[in-house]
Amino acid sequence: MPGGTDMTLRPFLWRAERLYPDTEIVSRTSEGIERYTYAEYGDRVCQLANALADLGIEEGDRVGTFCWNHHRHFESYFAAPSMGAQLHTINPLLPAEHIQYIVGNAEDKVLFVDPSLLEALEPAVQSPEFDQVKRYVVMASEVPETDLDAVSYEAFIEGHDTEFDWPDVSQDQPAGMCYTSGTTGKPKGVEYTQQMLWAHTMESLSPQGIPMADDDVVMPVVPMFHVNAWGMPFTATAGGSKQVYPGPSPTPEDLAKLIEEEGVTLTAGVPTVWLGLMDYCKENDVDLSALERVIVGGSAAPKSMIRWFNDQGVEVLHAWGMTEMSPIGSVAHLKSDLEDADDSVKVDKRSKQGLMVPGLEFRVIDDDGEEIDWNGEDFGELWVRGPSVTTEYFARPEANEEDFEDGWLKTGDVVTVDADGYLKIVDRAKDVIKSGGEWISSVELENSIMAHDGVAEATVIGVPHEKWQERPVAFVVPVEGIDEATVEEEVMEMLSEEYPKWWLPDDLVFIAEVPKTATGKFSKKDLRDEYADGDMFEGQAPEEAAPDDD
Ligand code: ADP
């Protein structure tokens, strides 16, 4: 293909700069609210690309980011891929051991880090996995006190040219990378080619996706380390929307203020975030009149939330996706022939995971290997494929064999499909827990608990939780005659040394025996059935377990 005609990200930036030079990008940072235009954004993207090139970053090199949602992070979103390098966003909420593995596996050459996350990174950088990192750049105008040999972002880009001689990058060039922990074993790397991100942007822009236009004010609350904030920075740029970045760990009050003051029309995040905003709005006088659509994804959207926002004149769009899919797969738009249906029917449809976006295909395979009927009752595993869906993991052949077949991604989500084509997740085949939008590995917790001398058997399951959707609970069979209180204390202490606070089980329940399947495996299903009513946490304050506490 001749140069410049491939499906790449850079034309989206070109369009926003040329057509919407005065449209704003607003960012809440630790240094206050920053505000500039697409014209200035484009200049700074070039300065960043020049600074990276001077550092020796070349085509194919990985540029790691350890950051929340702000304008500087957004600058790396176009600078790195457009120069042929690869943007690798790292989840700072993961256990230190995972972060080390990820940086070593991806061989990041430079790392951008937020001031508030320095503390989390400092202990990890001593490990050999970080040896190839040439430079640490702190996302601020000055470097705060730190053991790291680092430069501030503003000093890093200062004095560099505001033009860059962009190469004609191939659409097959990896442009992005994100590790998924929604899996057993070590996190798996997913590479996004230029073409995948281009396709994802176009799928998202379609009316059946999550369209963003030049009259939209878009605020991605979903972290930019989660699959490029669900691709929103790319889609909003392509659509010429004003963008609002809410910064590190925004509270419901911060979000309400940004919605009011910046006139946010479209925002997106996990249910926990919107439940928090909903509670805040019930107790405070918040003007939501600008807000048109709230995208809810990552975990199932509760019906009560859909109804509440609906009553405020805000449409909730429930979306489903995966890291492997760049990530949006389906969105629960209301089909036009359902406009006149009863409210309960509409809420029911909107609470499902929705309709596959244009460009993707799916099939649902039951235990006998057959495709299910679309009757809303039969269920099976959801398989997907399309131009924004990966067909392999980065350097993990054994995982490829398990998760891909004939070009299809096997999602591990168990679904029904109704006669209208709406997908509904009814179970999860993968043994992981999702709490407040972040994964917790039950298998890792189990192995650690079972390493204690006083534990004969242990299993960890996710129990429904009103605020966090799921929280881990450990079921432990103690060694005979041992003091349970001591075991509990020691196990919890051990776990808190190994894992972040929000991974720790909310409860440790002693049982006589772990229920087993016919083949002798732990039957988590039996335990789940017993605890699935969500009563376990009633009356408790789960604040302490927040993944976004840090
Ligand atoms: P994301 O950042 O989109 O959550 P992950 O790869 O971390 O991506 O997680 C994907 C998994 O999360 C899905 O396979 C599914 O199990 C779960 N998930 C995502 N969206 C939803 C949703 N709307 N409802 C229920 N589960 C969801």
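The structure presented is a predicted model; accordingly, all values stated were derived computationally and were not measured. (Residues numbered from 1 in each chain as written. Predicted model: local features only at pLDDT ≥ 70, side-chain atom pairs only at ≥ 80, totals over all residues. Heavy atoms only, no water.)

Caption draft 1: The arrangement of the sheet that holds strand E14 (residues 315-321) in detail. If you trace the nine strands from one edge of the open sheet to the other, you get E2-E1-E11-E10-E12-E13-E14-E15-E16, paired in mixed fashion. Looking at the sheet topology across the chains shown, the edges are occupied by strand E2 (32-37) and strand E16 (355-356). When strand E10 (residues 217-220) meets strand E11 (residues 242-245), the two strands line up parallel, connected through two bridges. Paired with Val 217 across the bridge in E11 is Lys 242. (Pairing = 2+ DSSP bridges. Helix = DSSP H or I, 4+ residues; strand = E, 2+ residues; numbered from the N terminus.)

Caption draft 2: Layout of the packing of aromatic side chains. Within this structure, the stated rule accounts for 17 aromatic pairs. Grouping aromatic residues by their ring pairs yields a cluster made of Tyr 36, Tyr 38, Tyr 41, Phe 74, Tyr 77, Phe 78, Phe 234 and Tyr 245. (Phe/Tyr/Trp six-rings, centres within 6.5 Å; stacked < 30°, edge-to-face > 60°.)

Caption draft 3: Representation of the sheet that holds strand E5 (residues 108-113) within the structure. Judged by pairing direction, the sheet is mixed, and its seven strands sit side by side in the order E7-E6-E5-E3-E4-E8-E9 without closing on themselves. Here the strands that pair on one side only, and so sit at the sheet edges, are strand E7 (150-152) and strand E9 (188-193). Neighbour-to-neighbour, the strand axes of the sheet open up by a mean angle of 25°, direction not taken into account. Set on the sheet, helix H4 (residues 96-106) makes contact with strand E3 (62-66), strand E4 (86-89), E5 and strand E8 (174-180); between it and E8 the angle comes to about 155°. (Axes fitted to C-alpha atoms, helices over the stretch in contact; angles between N-to-C directions. Contact = heavy atoms within 4.5 Å.)

Caption draft 4: Local environment of the packing of helix H10 (residues 252-262) against helix H11 (residues 271-283). Where H10 contacts H11, the axes come no closer than 9 Å and their chain directions differ by 75°. Regarding the angle of H10 to H11, the classification is roughly perpendicular. Facing Pro 252, Glu 253, Leu 255, Ala 256 and Ile 259 of H10, the residues of H11 in contact are Val 273, Gly 276, Leu 277 and Tyr 280. Grouping the constituent residues of the contact of H10 with H11 by class yields seven nonpolar, one polar and one charged. (Parallel < 35°, antiparallel > 145°, perpendicular 65-115°, else oblique. Nonpolar A, V, L, I, M, F, W, Y, C, P; charged D, E, K, R; others polar.)

Caption draft 5: Layout of the site of the ligand. The immediate surroundings of the ligand are formed by 19 residues, with Thr 323, Asp 413, Lys 430, Lys 434 and Trp 439 found nearest. One nitrogen or oxygen atom from the main chain of Gly 298 is found 3.2 Å from a nitrogen atom belonging to the ligand. In this structure, a nitrogen atom belonging to the ligand sits 2.8 Å away from a main-chain N or O atom of Ala 319. Considering the ligand on its own, with 550 Å² of exposed area, one finds that the protein chains cover 95% of that surface. By residue number, the principal contributor to the shell around the ligand is E14, which donates four residues. Tallied by class, residues from the shell around the ligand come to eight nonpolar, seven polar and four charged. (Near = heavy atom within 4 Å. Polar contact = N/O pair within 3.5 Å; in protein donor to acceptor, adjacent residues only side chain to side chain. Areas by Shrake-Rupley, 256 points an atom, 1.4 Å probe, with all protein chains shown as cover.)

Caption draft 6: The arrangement of the confidence of the model for the protein in detail. Model confidence for the protein is summarised by a mean pLDDT of 94, while 96% of its residues fall at 70 or above. Across the protein, element-level confidence peaks in E11 with a mean pLDDT of 99 and bottoms out in helix H17 (residues 524-531) with 82. Per-residue pLDDT stays below 50 along residues 538-546; that stretch engages in eleven contacts with residues further than four places along the chain or on separate chains. (pLDDT = per-residue confidence, 0-100.)

Caption draft 7: Region of interest: the pattern of salt bridges. For the structure shown, the criterion picks out 30 salt bridges. A salt bridge links Lys 349 to Asp 418, with the nearest nitrogen and oxygen atoms 2.7 Å apart. One end of the pair, Lys 349, is in helix H13 (residues 343-350); the other, Asp 418, is in the loop between strand E20 (408-417) and strand E21 (423-428), with 69 residues separating them in the sequence. The residues Lys 349 and Asp 418 share a single accessibility class, namely buried. Two residues, Asp 420 and Lys 349, come together in a salt bridge whose shortest N-O distance is 2.8 Å. Residue Asp 420 is located in the loop between E20 and E21, and its partner Lys 349 is located in helix H13; the two are separated by 71 residues in the primary sequence. Residue classification places Asp 420 among the partly exposed residues on the basis of a relative accessible area of 24%. (Salt bridge = Lys/Arg side-chain N within 4 Å of Asp/Glu carboxyl O. Buried < 20%, exposed > 50% of the residue type's maximum accessible area, 1.4 Å probe, protein only.)

Caption draft 8: Molecular detail of the domain arrangement of the protein. Taken as a whole, the protein is organised into domain 1 (10-415) and domain 2 (431-537). At the interface, 18 residues of domain 1 touch 17 residues of domain 2. Each partner contributes to the roughly 1400 Å² buried at the junction of domain 1 and domain 2, and carbon and sulfur atoms together form 57% of this total. Among the residues domain 1 hides against domain 2, the three largest losses belong to Leu 93, Pro 95 and Thr 272. Together they make up 33% of the total. Taken together, domain 1 and domain 2 are joined by zero salt bridges. Applying the counting criterion to the domain 1 and domain 2 interface returns seven residue pairs in polar contact (both at pLDDT 80 or more). At three residues, H11 tops the list of elements feeding residues into the side of domain 1 that touches domain 2. Considering only residue class, the side of domain 1 that touches domain 2 consists of eight nonpolar, ten polar and no charged. (Domains from an automatic or database assignment. Buried area = accessible area lost by both parts, 1.4 Å probe.)

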